[in-house]
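Structural characterization, general
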Amino acid sequence: MNNKTAFFDAHASSWDIREVDDIADRLERVVSLSGISCGANVLDVGTGTGVLIPYILLKIGPNGGVLAIDISSEMLRQAKLKGFPDQVKLAVMDIHQTPFDSEHFDCVFCNAVFPHFEDKVGALREIARVLRPGGTVIISHPIGREAVNRIHQTAGGEVGEDRIPSNVDIVKWLSESGLNHSEVIDEPDFHLIRATKD
Ligand SMILES: C[S@@+](CC[C@H](N)C(=O)[O-])C[C@H]1O[C@@H](n2cnc3c(N)ncnc32)[C@H](O)[C@@H]1O
């Protein structure tokens, strides 16, 4: 078991009430910047309570699919309560090692999860493996770098040391994993890196 599972299990039931007031606009921006369109096959890594899923569904329409994974079964239990349509599948899974076929997804979202990966390069290699050529990965923090790092520091425990790495490091690791053409947005209240598989 990932040693952060217990932390996220414990916070699952109260997770959604922590969101900032304009989170809907920020999540819509994250999904829009991915460029996904109707029929896309999407992996949502660390979906938590599934906050990003409604915005993904708006873009992919009824013929697309979402595989939403998380190490925390309690987070997924909260997501399941939201009653997503059948095109959304939820699975307990760690991104560091997945059973998916190679080149399976059009887009992989890592929304508010990247700092928690134990092996960031290993996770990016796995994401690159499951992405189809031309597919997109999004690493996003819709409340911005400083707020995320402060929240983790304040929370302490298993996530106390989790930080968003420098953009330079993330772009380098993406490139080493075969994920290139990176675009970086690092605003005070919004952070996002987008890269494409060659
Ligand atoms: C800060 S929450 C964000 C949840 C959601 N993406 C959101 O934006 O609200 C991070 C989530 O990622 C999950 N997680 C952490 N490490 C993971 C990993 N290696 N693989 C899959 N999920 C992971 C946690 O269990 C938690 O639910």
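Here, the structure is the one placed above.
What comes next concerns the included structure. This is a predicted model, so every value here is computed, not measured.

1. Points about the site of the ligand
For the ligand, the set of nearby residues contains 21 residues, the closest of which are Gly-46, Asp-70, Asp-94, Asn-111 and Ala-112. A distance of 2.5 Å separates an oxygen atom of the ligand from a polar side-chain atom of Asp-70. Between a nitrogen atom of the ligand and a side-chain N or O atom of Asp-94, the distance comes to 2.9 Å. Expressed as a share of its isolated accessible area of 590 Å², the protein-covered part of the ligand is 96%. When grouped by side-chain class, the residues that make up the shell around the ligand number ten nonpolar, eight polar and three charged.

2. Comments concerning the environment of His-11
Its location among the elements puts His-11 in helix α1 (residues 5-11). For His-11 and Ser-177, which are 166 residues apart along the polypeptide, the C-alpha to C-alpha distance reads 32 Å.

3. Considering the state of the cysteines
Cysteine pairs can be covalently joined through their sulfur atoms, and such a bond is termed a disulfide. Summed over all chains, the structure comprises zero disulfides. Summary of cysteine pairing: Cys-38 is not part of a disulfide, and the nearest cysteine sulfur, belonging to Cys-107, is at 14 Å. Using a relative accessible area of 68% as the deciding quantity, one classes Cys-38 as exposed. For Cys-110, which is in no disulfide, the shortest distance to another cysteine sulfur is to Cys-107 and amounts to 9.3 Å.

4. Some points on the pattern of salt bridges
Within this structure, the stated rule accounts for twelve salt bridges. Residue Lys-59 is joined to Glu-28 by a salt bridge in which the shortest nitrogen-to-oxygen separation is 3.9 Å. Residue Lys-59 is located in helix α3 (residues 53-60), and its partner Glu-28 is located in helix α2 (residues 23-34); the two are separated by 31 residues in the primary sequence. Given a relative accessible area of 28%, Lys-59 falls into the partly exposed group. Arg-77 is the partner of Glu-74 in a salt bridge, and the nearest nitrogen-oxygen pair spans 3.1 Å. Pair noted here: Glu-74 and Arg-77 are both in helix α4 (residues 73-80), with a separation of three residues, about one helical turn. Salt bridges sharing common partners tie together Lys-4, Glu-118 and Asp-162.

5. Concerning the sheet that holds strand β4 (residues 105-111)
Taken together, seven strands build an open sheet; the order of strands is β3-β2-β1-β4-β5-β7-β6 and the sheet is mixed. Only two strands of the sheet have a single neighbouring strand rather than two, namely β3 (88-92) and β6 (179-187). Put simply, the sheet's adjacent strands are angled 15 degrees from each other on average, direction ignored. As judged from the five bridges shared by strand β1 (residues 41-45) and strand β2 (residues 65-70), these two strands associate in the parallel manner. In the strand pairing of β2, Asn-41 is matched with Gly-65. Strands in contact with α3 are β1, β2, β3 and β4; relative to β2, the strand with the most contacts, it is inclined by about 160 degrees. Lying over the sheet, α4 contacts β2 and β3, oriented at roughly 160 degrees with respect to β3.

6. Observations concerning the environment of Ile-95
Its location among the elements puts Ile-95 in the loop between β3 and β4. The buried category is assigned to Ile-95, whose relative accessible area is 3%. Linking Ile-95 and Ile-69, residues 26 residues apart in sequence, is a C-alpha distance of 7.9 Å. In contact with Ile-95, other than residues within four places in its own chain, are Leu-43, Val-45, Ile-69, Phe-117, Ala-123, Glu-126 and Ile-127.

7. Quick look at the packing of aromatic side chains
Scanning the entire structure with this criterion turns up four aromatic pairs. Ring centres of Phe-114 and Phe-117 lie 5.6 Å apart, and the angle between their planes is 75 degrees; this geometry places the pair in the edge-to-face category. Owing to a relative accessible area of 0%, Phe-114 belongs among the buried residues under this scheme. Members of the aromatic cluster, connected to one another through ring pairs, are Phe-7, Phe-8 and Trp-15.

Rules used in this analysis
- Residues numbered from 1 in each chain as written.
- Predicted model: local features only at pLDDT ≥ 70, side-chain atom pairs only at ≥ 80, totals over all residues.
- Heavy atoms only, no water.
- Near = heavy atom within 4 Å.
- Polar contact = N/O pair within 3.5 Å; in protein donor to acceptor, adjacent residues only side chain to side chain.
- Areas by Shrake-Rupley, 256 points an atom, 1.4 Å probe, with all protein chains shown as cover.
- Nonpolar A, V, L, I, M, F, W, Y, C, P; charged D, E, K, R; others polar.
- Helix = DSSP H or I, 4+ residues; strand = E, 2+ residues; numbered from the N terminus.
- Disulfide = S-S within 2.5 Å.
- Buried < 20%, exposed > 50% of the residue type's maximum accessible area, 1.4 Å probe, protein only.
- Salt bridge = Lys/Arg side-chain N within 4 Å of Asp/Glu carboxyl O.
- Pairing = 2+ DSSP bridges.
- Axes fitted to C-alpha atoms, helices over the stretch in contact; angles between N-to-C directions.
- Contact = heavy atoms within 4.5 Å.
- Phe/Tyr/Trp six-rings, centres within 6.5 Å; stacked < 30°, edge-to-face > 60°.

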